[in-house]
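# Analysis of the macromolecular model
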Amino acid sequence: MVFIPPPQLASASRPSYGEAYANILAAHRRSPLTSASSVIMLVAPDVDAVCAARMLADLFKQDDVMHRIIPVSGIAELERMREELTTYSELHTLILINMGAILDLPSPAWFGEFSTKLTVHVIDSSRPQNLSSLFLGGENGERIIIWDDGETEKLEEERKAWEALMYEPEPDSDEDDSDLESDGASEEEDEEEDVGGDYEDDSSPSGKRRSGGENGPRRRKRRRTDEGRPLRMSHADRDRYSSIINKHYTLGTWHGQSASGTIYILATVLERVDSDLLWLAILGLTHQYITTRISHEEYEKYHSIYYDEVFRLNPPLPADASSRIKSLHPDDQSIRATEELRFMLFRHWTLYDAMYHSSYVASKLGIWKERGRKRLSGLLAKMGFSIPQTQQPYSHMDMDLKKHLRSKLEAIAPEYGLVELSYSSFLRCFGYRSQPLSAADAVEAISALLDVAGGVRMEVEVEGTRNGGEWFGGGRLWDLQERWRGEERENIPPGGGAVKRKEKGNEGGEEKGEEREKVQWWMKNFWAAYDALSNINKLRSALPLSMSLHRAIIRQGSSIIDRQDIRTMRNHRVVVLTEGPDLALFSHPGVLSRLALWLVDALRDRVNGQSLSGRKSKRKSLPFVVACLNEKAGSYVVVGVTGAMDFGDVRKNEFGLAFLDAKERCNARTRHGSFDTSVIEINQADIKIFLETLAEDPEY
Amino acid sequence: MALSVSLRSSVTPPELELVASEQLIEIIPLISMDKTAFISGAYGPLRPPAKCKLPIWMATNLKLKKKCHIVPPAWLNVDFLQDRLTRETSQPEFCAMPFRFAEIAKIILDVASDDVENPDKIRSLLKDLREARQAKSREGITKLDHSELSLPNLCSMEINEIRPFFIRSMGVLTQLTRDPAAAGDA
C-alpha cells in the first residue's frame, strides 16, 4: 500500500492528492471500456461520508467522469459487495469513503486478487490504520492508496517494526494478531503464516504457530535478499517490534481528519473550491465534533482553516448585526461565521426544549429529575425570559430577547456551572427560500435522516399542537414519501407507493421480502440524506424528525437514570434495554450510540461518588456499554462508548478490542453490523455471558 | 406561463429555450481549448482570459462545470430594461426588444446569476415588462380582424402564446365574414 501525504508534505517524489486525482481522471479517459461502473465509490452511512461522497461526485461531474455511488452499511455488506465487484470487468477505480482503513486490503481476502489495473483509494477518517495497507509495497501494494492527513509521518517506529517483522522470519508474530479486530485478525494471520512458512532454518521453533510447521517454499526470494543481514533478530528486538505494533493496534480507535476535509483539500489543490464544497466540508467537521469524535483543539484547528476560507470566498458583510443572520438577497448562498450555542437545534425549538435536550446542559443541571427542570426554569427566569416566552418556538420569541440571549447566557450561566456554552461555527443562507441554517442543525437533520428516515415508526410533532393548539392529538407519523410527495406529485404511480411496497414484499416470499426491505431501508435513508444535502426544503423537513429522535433519546435516558438501571462494573458501566416504548428505535446502532453518548455526557461528573480504589484517578468518567434488544432479529445490539474527562475532550475508544476479546473468550455468536468496531450484535442467548466476560476482562 | 389546453399542441417554452440556445453569447473562459468542430459549426479557440463567442448551449455547459464566466448581453442590464419599461408603459405600441429576450434572460439568470449585476432587480424588471406587454396583447384581442393582424415588436414567447388562439379565431372570423357575405349575395 501506498499512503499519500497531504499536499503540504508532498514533494516531487511523493505524489499527493492532486496527482492521485489526476490518475483517476487519466485512467477514466484512456480506458476503452469506460462505463458507469468504471469508477465506483463505496460510502459508509455517516454524515461525514455522505458529504465527502457528494463533494467527490461534484468534482467528477465537473470533469465529466462517470461514476457510481454505492452505500455500504457494514463489513458484512462490504464483503458481499466485494464479491459482486469481482464480476465487473471495466472497474478501474474503487474509492472507499470512511471505511476500510483498518482492513488489510492487499490480502487475498480483500483486494489482493483483483486485476492489477484496479486502484483502490481509501479516504477514511478512522484510525488506527492497518500497517500492511500503509506500508506494503510491491505491485500488489502499489494499487492501494490511502489518503493520509500527515499523521502517518509520525508512525516511523511502527513502520520500522512492521517492516522488520514482515520481512524477517519471526515466530512470535501471533501475539500481534490476537488483539486485532476480527477481520484484521484473520488477514494478518494469513499473511504471517506465509512469512513464517520458511523459517525452518531458524532454530527457535514457534509453539504458537497455528498452522504448525509449514515448510513451503514461499517467499524464498525475499529471504534471499535478506541473506546479507542476520537471519534472526534477537529476541529483545523481536519483542520490541511486536510490542510496538501491538501498541499501535490496541490503543483503541480514534478519528483523524474528516473525509470531507480531505476532499476539500483536494479541491483546493485543484483550485476548484466554492461555497458548496466548503459548506459540505464544514458539515463533515461539525459532525465529527458534535459526535465527540475529535477534541475541541482539533476542531479549532480545522475550524480556523475554514474560517479563513469563508472570508476568502464570500463577500464581506455589512457591519450591522441584524443583517448577519438573514439573507441579503434571493441569490444569497453565502456562508457566514457565527457563534453557535451548544443547545440542540435551538433556533427551531422553544428555548426551554433546546436546553433540555442538549446533553451538556443535561449533565450540569440534572435534567431528568424534577429538581433539575426547576433549576433550568430558574436559570431562564434569571436571564429575564418569562416562562411563556421560553415555551414559544424560537422564531416567535421577542426580538430583543434573541439579541441579548448570548450576552445574558454568558452573564448568568456560569452560576450554574455552564461555561463554554458557545463555540464558533458557521451558518449558511439559502436566499429567500428559508432562514439561514447553522452547520450543527444541518448535521443533526442529516444524521436523523440517515438513522431513521425509513424503517422505523417516528412520530413527529406538528407545530402548534403543544398546549392544546389547533390540532388536537399530538403528532403525525413521519413518512418519507409523504413528506416529499408535495414536490413530486406526478411521480407517484397509480395506487400510491403503498402498492409498490406490498408488491415487493410478496415477490420473494415473506422472508426475502423482509430482508430486502431491511436492506432497502438504510439505502433509502442514505439517498434521502444525500438528496437533502442539496435541497434545503428536504433538509428543513427533516428537522422535526431530528427533534422527535432527540425526544425519544431523552425519554429513554431519563428513564434509565431514574430507574437506576445502570450497573457499574469495575471498569465501565452497563445498561441493558429490554423493554420500553422505543425499543424498535434503539435497535438501530446509530441511535443507540447517541443514547450512549448522551448518558456519558449526562453522568460525566456524577455517580462517581462510589469510591473507586485510589490507584486509578479519582475522578473517572467511566465508559458506557449500552445493549438493546432487537426483538425481531432475536439479538442484542451493543454499543461501547468511552467518555472523556472533560467536555470537549476525547479518549480513544477501546471497546472494539474489548468486545473481540470477550467474544472469543465466551464464544458468543456475534456479528459486526457496521464499520464502527465498537458496535456489535450478539445473539440473544449469549448476552448475559458476554457482558459478564466483558466485565471480568483482566486487561481492560 | 401556465399552459392551457390550446397551447399543448404548439411549441412549448422549453423547446423555445432550446431554439434560443443556438444564439451566440460572449464568455470569459477559464480553461483553454483549441478550435473544435461541432455539428453546428467550429468554435474556439478558448484562451483565457480573452473573451470568446460561443453558442449559449455550450456556454451553459461550461458554466455549470465552472469552466467559464458568462458575459451578459448588452440588453441585460438595469438601465436598458428600465428605459424599455418606461417606454412600454407610456406608449400604446410594443417597444422593440430582442426577439428571444425572455428565453435568453431566463437561461442566464438560472445558470449565471452571479455574473449578472443586480440579478433580482433585473428579475423584477423583466416581470414588469412581461406584464405590461401581456396587458397590451389582451387589448389587441378586441381588435381582432379576420384578414390581417400586424403586431410589430412582439417577441418569440409571446407569439407562441397567442398563436393557437389567434389562428383559430381568425379562421372562425373568416368563416363568419364569408358566410354573411354569401348569404347577402344569395
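Residues take numbers from 1 onward in each chain, read along the sequence in its written order. Throughout, the order in which chains and ligands are written sets their labels, letters from A for the former and numbers from 1 for the latter. For this predicted model, a pLDDT threshold of at least 70 governs which residues receive local features, and a threshold of 80 or more governs which side-chain atom pairs are given and counted, while totals over whole chains, interfaces and linings are taken from all residues. Just so you know, side-chain values use all the structure's heavy atoms and leave hydrogens and water out.

Glancing now at the overall build of chain B. Check the secondary structure of chain B and you find six helices and five strands. Secondary structure elements of chain B, listed N to C terminal, follow the sequence α-β-β-β-β-α-β-α-α-α-α. The principal-axis extent of the C-alpha atoms belonging to chain B is close to 75 × 40 × 25 Å. Every one of the 186 residues in chain B was classed for burial, and the buried ones make up 37%. Relative to all contacts within chain B whose residues are 6 or more apart in sequence, the contacts with residues 24 or more apart total 66%. Accessible surface is estimated by sampling points in the Shrake-Rupley manner with a 1.4 Å probe; for residues, cover comes only from the protein chains shown. Only carbon and sulfur atoms are counted for the fraction: they give 59% of the accessible area of chain B, which is about 10800 Å². By the counting rule applied here, Lys and Arg register as positive and Asp and Glu as negative, while His and the ends of each chain are not counted. A charge is said to be at NZ when it belongs to Lys, at CZ for Arg, at CG for Asp and at CD for Glu. Taking the 24 positively charged and 24 negatively charged side chains of chain B as two groups, their mean positions are separated by 5 Å. The numbering of helices and of strands both runs from the N terminus, where a helix is a DSSP run of H or I of at least 4 residues and a strand a run of E of at least 2. Under the scheme applied here, a residue whose accessible area is under 20% of the maximum for its type counts as buried, over 50% as exposed, and between as partly exposed, the area being computed with a 1.4 Å probe on protein chains only. Residues count as neighbours in contact if any of their non-hydrogen atoms are within 4.5 Å of one another.

Here we take up helix H10 (residues 235-250) of chain A. Residue and element names in this part refer to chain A. In this analysis, the expected span of each helix is defined as 1.5 Å times one less than the number of residues it contains. Here H10 contains 16 residues, and its C-alpha end-to-end distance of 22 Å stays within 8% of the 22 Å for a straight helix at 1.5 Å per residue. All of the buried residues in H10 are Arg 238, Tyr 241, Ser 242, Ile 244, Ile 245, His 248 and Tyr 249. The arc that holds every buried residue of H10, seen down its axis, measures 150°, which confines them to one face. Those residues of H10 that are exposed and angled more than 90 degrees off the buried face are Ala 236 and Lys 247. Gly 252 occupies a position one or two residues after H10 and carries a positive phi of about 115°. This arc is built from the directions going out from the helix axis to the C-beta atoms.

So, about the side chain of A:Asp686. Residues and elements named next belong to chain A. Within the secondary structure, Asp 686 is located in the loop between strand S19 (679-683) and helix H28 (687-695). Using a relative accessible area of 11% as the deciding quantity, one classes Asp 686 as buried. Once residues within four sequence positions are removed from consideration, Asp 686 is found in contact with Ala 668 and Arg 669.

Turning to helix H19 (residues 439-452) of chain A, a few remarks are in order. In a regular helix each residue adds 1.5 Å, so 14 residues correspond to 20 Å; H19(A) covers 20 Å between its end C-alpha atoms and thus fits that length. For H19(A), the tally of buried residues reaches 14 of 14 residues, placing the bulk of the element in the interior.

This brings us to the sheet that holds strand S18 (residues 670-671) of chain A. Residues and elements named next belong to chain A. Strand pairing follows a simple DSSP-based rule, namely that at least 2 bridges must link the two strands. With respect to topology, six strands assemble into an open sheet ordered S14-S15-S16-S17-S19-S18, the strand pairing being mixed. What marks the edges here is a single partner per strand, and that holds for strand S14 (567-568) and S18. Where S14 meets strand S15 (residues 573-577), two bridges bridge the pair, whose relative direction is antiparallel. Within S15, the position partnered with Thr 568 by the bridge is Arg 573. Helix axes are fitted to C-alpha atoms over the stretch in contact, other axes to C-alpha atoms as well, and angles between N-to-C directions run from 0 to 180 degrees. Sheet strands in contact with helix H27 (residues 655-666) are strand S16 (624-630), strand S17 (635-641), S18 and S19, and its direction is about 140° off that of S17.

Turning our attention to the sheet that holds strand S5 (residues 68-71) of chain B. Residue and element names in this part refer to chain B. On the basis of which strands lie adjacent, the open sheet formed by three strands has the order S4-S1-S5 and antiparallel pairing. On the outer flanks of this sheet lie strand S4 (52-55) and S5, each paired with one strand and no other. Taken pair by pair, the neighbouring strands of this sheet meet at an average axis angle of 50°, ignoring direction. Pairing of strand S1 (residues 24-29) with S5, which is carried by four bridges, proceeds in the antiparallel orientation.

All names here are of chain A. The rule is short: rings of Phe, Tyr and Trp, with Trp giving its six-membered ring, pair when the centres are within 6.5 Å, and they are stacked under 30 degrees, edge-to-face over 60, tilted in between. Inspection of every chain in the model, using the stated rule, returns 16 aromatic pairs over all chains. Here Tyr 289 and Tyr 299 contribute two aromatic rings whose centre-to-centre distance is 4.3 Å and whose plane-to-plane angle is 15°, an arrangement assigned as stacked. On the criterion of sequence distance, the pair formed by Tyr 289 in helix H12 (residues 275-290) and Tyr 299 in helix H13 (residues 296-313) is long-range, its members being ten residues apart. Considering the side-chain rings of Tyr 352 and Tyr 356, the 6.2 Å spacing of their centres and the 15° angle between planes classify their relative orientation as stacked. Here Tyr 352 pairs with Tyr 356, and both are found in helix H14 (residues 351-356), just four residues apart, close to one helical turn. Each member of the pair Tyr 352 and Tyr 356 is classed as buried.

For the rest of this paragraph, the subject is the pattern of salt bridges. All names here are of chain B. Should a side-chain nitrogen of Lys or Arg be within 4 Å of a carboxyl oxygen of Asp or Glu, the pair is scored as a salt bridge. Taken as a whole, this structure holds 27 salt bridges over all chains when the rule is applied. Linking Arg 84 and Asp 83 is a salt bridge whose minimum nitrogen-to-oxygen distance equals 3.7 Å. Classification of Asp 83 as partly exposed rests on a relative accessible area of 35%. One salt-bridge network, in which partners are shared between bridges, spans Glu 88, Arg 133, Lys 136 and Glu 158.

Attention shifts here to the interface of chain B and chain A. Listed per partner, the contact involves eight residues of chain B and eight residues of chain A. The contact between chain B and chain A buries some 620 Å² in all, and 34% of this surface belongs to carbon and sulfur atoms. The term buried area refers to how much accessible surface (probe radius 1.4 Å) is lost by two components on association, counted for both of them together. Per-residue buried area on chain B facing chain A is highest for B:Lys65, B:Lys66 and B:Asp120; these three make up 68% of the total on that side. Summed over the shared surface of chain B and chain A, the result is two salt bridges. We define a polar contact as two N or O atoms separated by no more than 3.5 Å, with the added condition that, inside protein, one atom must be a possible hydrogen donor and the other a possible acceptor, whereas residues neighbouring each other in sequence contribute only through side-chain atom pairs. Linking chain B with chain A are three residue pairs in polar contact (both at pLDDT 80 or more).

The next subject is the domain arrangement of chain B. All names here are of chain B. Domain segmentation is taken from an automatic or database assignment of domains. The assigned domain composition of chain B is domain 1 (13-71) and domain 2 (78-175). The partner domain 2 presents 13 residues to the 14 residues of domain 1 that form the contact. Taking both partners together, domain 1 and domain 2 bury about 1200 Å²; carbon and sulfur atoms supply 71% of that area. A salt bridge links Lys 63 to Asp 114, with the nearest nitrogen and oxygen atoms 3.6 Å apart. Remark: the boundary between domain 1 and domain 2 carries three residue pairs in polar contact (both at pLDDT 80 or more). Breaking the side of domain 1 that touches domain 2 down by element, the ones donating at least two residues are helix H1 (13-20), helix H2 (56-64) and S5. Per element, the largest residue contribution to the side of domain 1 that touches domain 2 is five residues, and it comes from H1.

What follows covers the packing of helix H2 (residues 47-62) of chain A against helix H11 (residues 259-270) of chain A. All names here are of chain A. Contact pair H2 / H11: the axes reach a minimum separation of 7 Å and the direction vectors enclose 20°. Put simply, H2 runs roughly parallel to H11. H2 and H11 meet at a crossing whose hand is left-handed. Touching Asp 48, Cys 51, Ala 52, Met 55, Leu 56 and Leu 59 of H2 are Ala 259, Ser 260, Ile 263, Tyr 264, Leu 266 and Ala 267, all from H11. Taken together, the residues of the contact of H2 with H11 break down into ten nonpolar, one polar and one charged. In these notes the angle categories are as follows: under 35 degrees is roughly parallel, over 145 is roughly antiparallel, 65 to 115 is roughly perpendicular, and the rest is oblique. Here a crossing is taken to be left-handed if its near helix is turned anticlockwise relative to the far helix by less than a right angle, and right-handed if that turn runs clockwise. Following the grouping adopted for this structure description, the nonpolar residues are Ala, Val, Leu, Ile, Met, Phe, Trp, Tyr, Cys and Pro, the charged ones are Asp, Glu, Lys and Arg, and the polar ones are all others, Gly among them.

Turning to its location among the elements, A:Arg336 is positioned in strand S9 (residues 335-341). Sequence separation of A:Arg336 and A:Ser438 is 102 residues, and the distance between their C-alpha atoms is 9.2 Å.

Moving on: the nonpolar core. Each nonpolar core is a collection of buried residues, namely Ala, Val, Leu, Ile, Met, Phe, Trp, Tyr and Cys, held together in the definition by side-chain atoms within 4.5 Å. In terms of nonpolar packing, the biggest core is built from 193 residues, with A:Leu42, A:Leu283 and A:Leu577 touching the most fellow members. The element contributing the most residues to this core is H2(A), with eleven residues. If we skip the residues at most four places from it in the chain, A:Leu283 touches A:Cys51, A:Ala439, A:Ala442, A:Val443, A:Ile446 and A:Leu533. Membership of the second largest hydrophobic core comes to 32 residues, among which are B:Cys52, B:Trp75, B:Phe101 and B:Leu109.

Attention shifts here to the confidence of the model for chain A. Residue and element names in this part refer to chain A. Mean pLDDT over chain A works out to 74, with 73% of the residues at or above the 70 mark. Confidence scores per residue from the predictor, reported as pLDDT, run from 0 to 100. Low pLDDT, under 50, characterises residues 495-513; the stretch is placed with ten contacts to residues that sit more than four places away or in other chains. Within the model, the stretch residues 608-619 combines pLDDT values under 50 with ten contacts to residues more than four positions away or in other chains.

With that settled, the discussion passes to unusual backbone geometry. For the peptide bond that leads from A:Arg127 to A:Pro128, omega is 0°, which places it in the cis range. Secondary-structure assignment places A:Pro128 in the loop between strand S6 (126-127) and helix H4 (131-135). In this structure, B:Pro49 follows B:Pro48 across a cis peptide bond, with omega equal to -5°. Note on placement: B:Pro49 falls in the loop between strand S3 (41-43) and S4. Even without being glycine, A:Asp64 reaches a positive phi, approximately 60°. Inspection of the secondary structure assignment puts A:Asp64 in the loop between H2 and strand S3 (68-71). Judged by its relative accessible area of 49%, A:Asp64 falls in the partly exposed class. Phi at A:Glu271 is positive, roughly 60°, even though this residue is not glycine. Relative to the helices and strands, A:Glu271 is located in the loop between H11 and H12.

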